[in-house]
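One letter stands for each residue in the lines below.
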Amino acid sequence: MRLKLLGALGVAVVLAGCSNDHANTGAATGAGAAVQPTGPVPGSEADLVANVGDRVFFALNESGLSGDAKATLDKQADWLAKYPQVSVQIAGNCDDRGTEEYNLALGQRRANSARDYIVAKGTSSSRITTISYGKDRPTATGEGEDVWSQNRNAITSVQ
(Lines give C-alpha, C1' and ligand atoms only; values in the text may rest on other atoms or scores of the structure.)
Protein backbone atom coordinates (compact mmCIF):
# COMPACT_ATOMS: atom_id res chain seq x y z
CA MET A 1 0.00 0.00 0.00
CA ARG A 2 2.80 2.41 0.88
CA LEU A 3 4.61 1.54 -2.32
CA LYS A 4 1.53 2.42 -4.41
CA LEU A 5 1.13 5.71 -2.51
CA LEU A 6 4.78 6.63 -3.03
CA GLY A 7 4.55 5.68 -6.71
CA ALA A 8 1.44 7.81 -7.21
CA LEU A 9 3.08 10.73 -5.42
CA GLY A 10 6.19 10.38 -7.59
CA VAL A 11 4.12 10.39 -10.79
CA ALA A 12 2.25 13.49 -9.60
CA VAL A 13 5.52 15.33 -8.92
CA VAL A 14 6.91 14.42 -12.34
CA LEU A 15 3.72 15.54 -14.10
CA ALA A 16 3.64 18.79 -12.17
CA GLY A 17 7.22 19.51 -13.19
CA CYS A 18 6.49 18.75 -16.82
CA SER A 19 3.37 20.90 -16.94
CA ASN A 20 5.41 24.09 -16.41
CA ASP A 21 7.67 23.37 -19.37
CA HIS A 22 4.95 24.11 -21.90
CA ALA A 23 2.85 26.68 -20.05
CA ASN A 24 3.63 29.50 -22.50
CA THR A 25 3.56 27.67 -25.83
CA GLY A 26 0.88 30.03 -27.15
CA ALA A 27 3.04 33.04 -26.37
CA ALA A 28 6.06 31.41 -27.96
CA THR A 29 4.19 30.74 -31.18
CA GLY A 30 2.25 34.00 -31.16
CA ALA A 31 -1.08 32.15 -31.16
CA GLY A 32 -3.34 34.77 -29.59
CA ALA A 33 -1.25 35.36 -26.49
CA ALA A 34 -1.27 38.83 -24.96
CA VAL A 35 2.08 40.49 -24.35
CA GLN A 36 2.70 41.05 -20.65
CA PRO A 37 4.03 44.55 -19.92
CA THR A 38 7.25 44.78 -17.99
CA GLY A 39 8.16 47.36 -15.41
CA PRO A 40 5.95 49.27 -13.01
CA VAL A 41 2.24 49.78 -13.55
CA PRO A 42 1.66 53.19 -15.20
CA GLY A 43 0.39 55.75 -12.69
CA SER A 44 1.60 53.78 -9.68
CA GLU A 45 3.99 54.70 -6.90
CA ALA A 46 6.62 52.44 -8.49
CA ASP A 47 6.15 54.26 -11.82
CA LEU A 48 6.63 57.64 -10.13
CA VAL A 49 9.81 56.47 -8.39
CA ALA A 50 11.31 54.70 -11.40
CA ASN A 51 10.46 57.13 -14.17
CA VAL A 52 10.19 60.55 -12.54
CA GLY A 53 11.76 60.63 -9.08
CA ASP A 54 9.87 60.92 -5.83
CA ARG A 55 12.04 63.29 -3.81
CA VAL A 56 13.73 66.64 -3.83
CA PHE A 57 16.48 67.78 -1.47
CA PHE A 58 17.07 70.99 0.47
CA ALA A 59 20.01 72.88 1.90
CA LEU A 60 20.47 73.11 5.67
CA ASN A 61 17.68 75.14 7.32
CA GLU A 62 16.19 76.00 3.90
CA SER A 63 12.85 75.39 2.23
CA GLY A 64 13.65 77.12 -1.07
CA LEU A 65 13.86 74.94 -4.18
CA SER A 66 17.16 74.38 -5.95
CA GLY A 67 17.46 74.01 -9.72
CA ASP A 68 17.68 70.23 -9.35
CA ALA A 69 14.58 70.20 -7.15
CA LYS A 70 12.64 72.27 -9.71
CA ALA A 71 13.70 69.90 -12.49
CA THR A 72 12.38 66.91 -10.53
CA LEU A 73 9.17 68.75 -9.64
CA ASP A 74 8.70 69.67 -13.33
CA LYS A 75 8.79 65.95 -14.13
CA GLN A 76 6.36 65.23 -11.29
CA ALA A 77 3.95 67.90 -12.61
CA ASP A 78 4.12 66.39 -16.11
CA TRP A 79 3.55 62.90 -14.66
CA LEU A 80 0.54 64.13 -12.67
CA ALA A 81 -0.88 65.72 -15.84
CA LYS A 82 -0.53 62.35 -17.57
CA TYR A 83 -2.40 60.58 -14.73
CA PRO A 84 -5.22 62.94 -13.67
CA GLN A 85 -6.83 60.26 -11.49
CA VAL A 86 -3.78 60.13 -9.19
CA SER A 87 -3.54 62.09 -5.94
CA VAL A 88 -0.29 62.47 -4.03
CA GLN A 89 1.00 63.39 -0.63
CA ILE A 90 4.20 65.37 -0.17
CA ALA A 91 6.03 64.72 3.09
CA GLY A 92 8.55 67.26 4.33
CA ASN A 93 11.52 65.89 6.26
CA CYS A 94 14.54 67.21 8.13
CA ASP A 95 17.82 65.91 9.47
CA ASP A 96 18.05 65.06 13.16
CA ARG A 97 19.56 68.34 14.29
CA GLY A 98 17.36 71.03 15.84
CA THR A 99 14.32 70.86 18.07
CA GLU A 100 11.22 68.84 17.29
CA GLU A 101 9.13 71.99 16.89
CA TYR A 102 11.63 73.67 14.56
CA ASN A 103 11.96 70.57 12.38
CA LEU A 104 8.20 70.03 12.13
CA ALA A 105 7.74 73.63 10.96
CA LEU A 106 10.67 73.39 8.52
CA GLY A 107 9.40 70.07 7.15
CA GLN A 108 5.99 71.65 6.56
CA ARG A 109 7.56 74.60 4.73
CA ARG A 110 9.49 72.14 2.51
CA ALA A 111 6.36 70.12 1.69
CA ASN A 112 4.42 73.31 0.99
CA SER A 113 7.20 74.64 -1.24
CA ALA A 114 7.12 71.48 -3.36
CA ARG A 115 3.30 71.50 -3.48
CA ASP A 116 3.12 75.17 -4.44
CA TYR A 117 5.60 74.62 -7.28
CA ILE A 118 3.62 71.69 -8.71
CA VAL A 119 0.35 73.62 -8.40
CA ALA A 120 1.92 76.57 -10.22
CA LYS A 121 2.69 74.13 -13.06
CA GLY A 122 -1.03 73.35 -13.44
CA THR A 123 -1.85 70.50 -11.07
CA SER A 124 -5.00 71.04 -9.01
CA SER A 125 -4.20 71.66 -5.34
CA SER A 126 -7.05 69.30 -4.43
CA ARG A 127 -4.90 66.39 -5.67
CA ILE A 128 -2.00 67.18 -3.33
CA THR A 129 -1.86 66.90 0.45
CA THR A 130 1.13 67.76 2.59
CA ILE A 131 2.49 66.53 5.90
CA SER A 132 5.60 67.17 7.94
CA TYR A 133 7.47 64.40 9.70
CA GLY A 134 10.21 66.72 10.91
CA LYS A 135 13.09 64.48 11.92
CA ASP A 136 10.93 61.44 12.77
CA ARG A 137 11.26 59.51 9.48
CA PRO A 138 14.88 59.60 8.34
CA THR A 139 15.71 57.95 5.02
CA ALA A 140 19.34 57.52 6.02
CA THR A 141 20.78 56.72 9.42
CA GLY A 142 24.02 57.80 11.01
CA GLU A 143 25.87 61.05 11.45
CA GLY A 144 27.61 63.46 9.11
CA GLU A 145 26.71 65.66 6.18
CA ASP A 146 26.26 62.74 3.74
CA VAL A 147 23.51 61.32 5.95
CA TRP A 148 21.97 64.64 6.96
CA SER A 149 21.71 65.84 3.36
CA GLN A 150 19.70 62.72 2.42
CA ASN A 151 17.21 63.44 5.20
CA ARG A 152 16.55 67.06 4.19
CA ASN A 153 13.90 66.28 1.60
CA ALA A 154 10.31 66.35 0.43
CA ILE A 155 9.02 62.96 -0.73
CA THR A 156 6.04 62.61 -3.04
CA SER A 157 3.97 59.43 -2.69
CA VAL A 158 0.88 58.21 -4.51
CA GLN A 159 -2.22 58.07 -2.33
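Here the structure is shown first, and the text comes after it.
Residues numbered from 1 in each chain as written. Predicted model: local features only at pLDDT ≥ 70, side-chain atom pairs only at ≥ 80, totals over all residues. Heavy atoms only, no water.

Student: Please clarify how the nonpolar core should be interpreted in this entry.
Tutor: Across soluble globular proteins, you tend to see nonpolar side chains buried next to one another. Ranked by size, the top nonpolar core spans 20 residues in total, and within it Leu 73, Trp 79, Ile 90 and Ile 118 carry the most contacts. Of all elements in the fold, only α4 (67–82), β2 (88–93) and α5 (100–120) reach the threshold of two or more residues within this core. If sequence neighbours within four positions are ignored, Trp 79 has contacts with Gly 43, Ser 44, Asp 47, Leu 48, Val 52, Val 86 and Val 158. (Core = buried A, V, L, I, M, F, W, Y, C linked by side-chain atoms within 4.5 Å. Buried < 20%, exposed > 50% of the residue type's maximum accessible area, 1.4 Å probe, protein only. Helix = DSSP H or I, 4+ residues; strand = E, 2+ residues; numbered from the N terminus. Contact = heavy atoms within 4.5 Å.)

Student: Would you mind going over the side chain of Gln 89 with me for this structure?
Tutor: Secondary-structure assignment places Gln 89 in strand β2. Once residues lying within four places of it in the same chain are set aside, the contact partners of Gln 89 are Thr 129, Ile 131, Tyr 133, Ile 155, Thr 156, Ser 157 and Gln 159.

Student: What is the right way to read the environment of Gln 89 from this model?
Tutor: Accessibility expressed as a relative area gives 18% for Gln 89, which makes it buried. Placed 65 residues apart in sequence, Gln 89 and Ala 154 show a C-alpha to C-alpha distance of 9.8 Å.

Student: What is the right way to look at the pattern of salt bridges in this model?
Tutor: Where charged atoms from two side chains of opposite charge come close, those side chains can pair. What the rule picks out here adds up to 6 salt bridges. Close ionic contact of Asp 74 with Lys 121 constitutes a salt bridge, the shortest N to O distance being 3.6 Å. You can see Asp 74 sitting in helix α4 and its partner Lys 121 sitting in the loop between α5 and β3 (128–134), a full 47 residues away along the chain. The partner of Arg 152 in a salt bridge is Asp 95, with the nearest N and O atoms 3.2 Å apart. Note that Arg 152 is positioned in the loop between α6 (145–151) and β4 (153–158) and Asp 95 in the loop between β2 and α5, a separation of 57 residues in sequence. What makes Arg 152 buried here is its relative accessible area of 6%. (Salt bridge = Lys/Arg side-chain N within 4 Å of Asp/Glu carboxyl O.)

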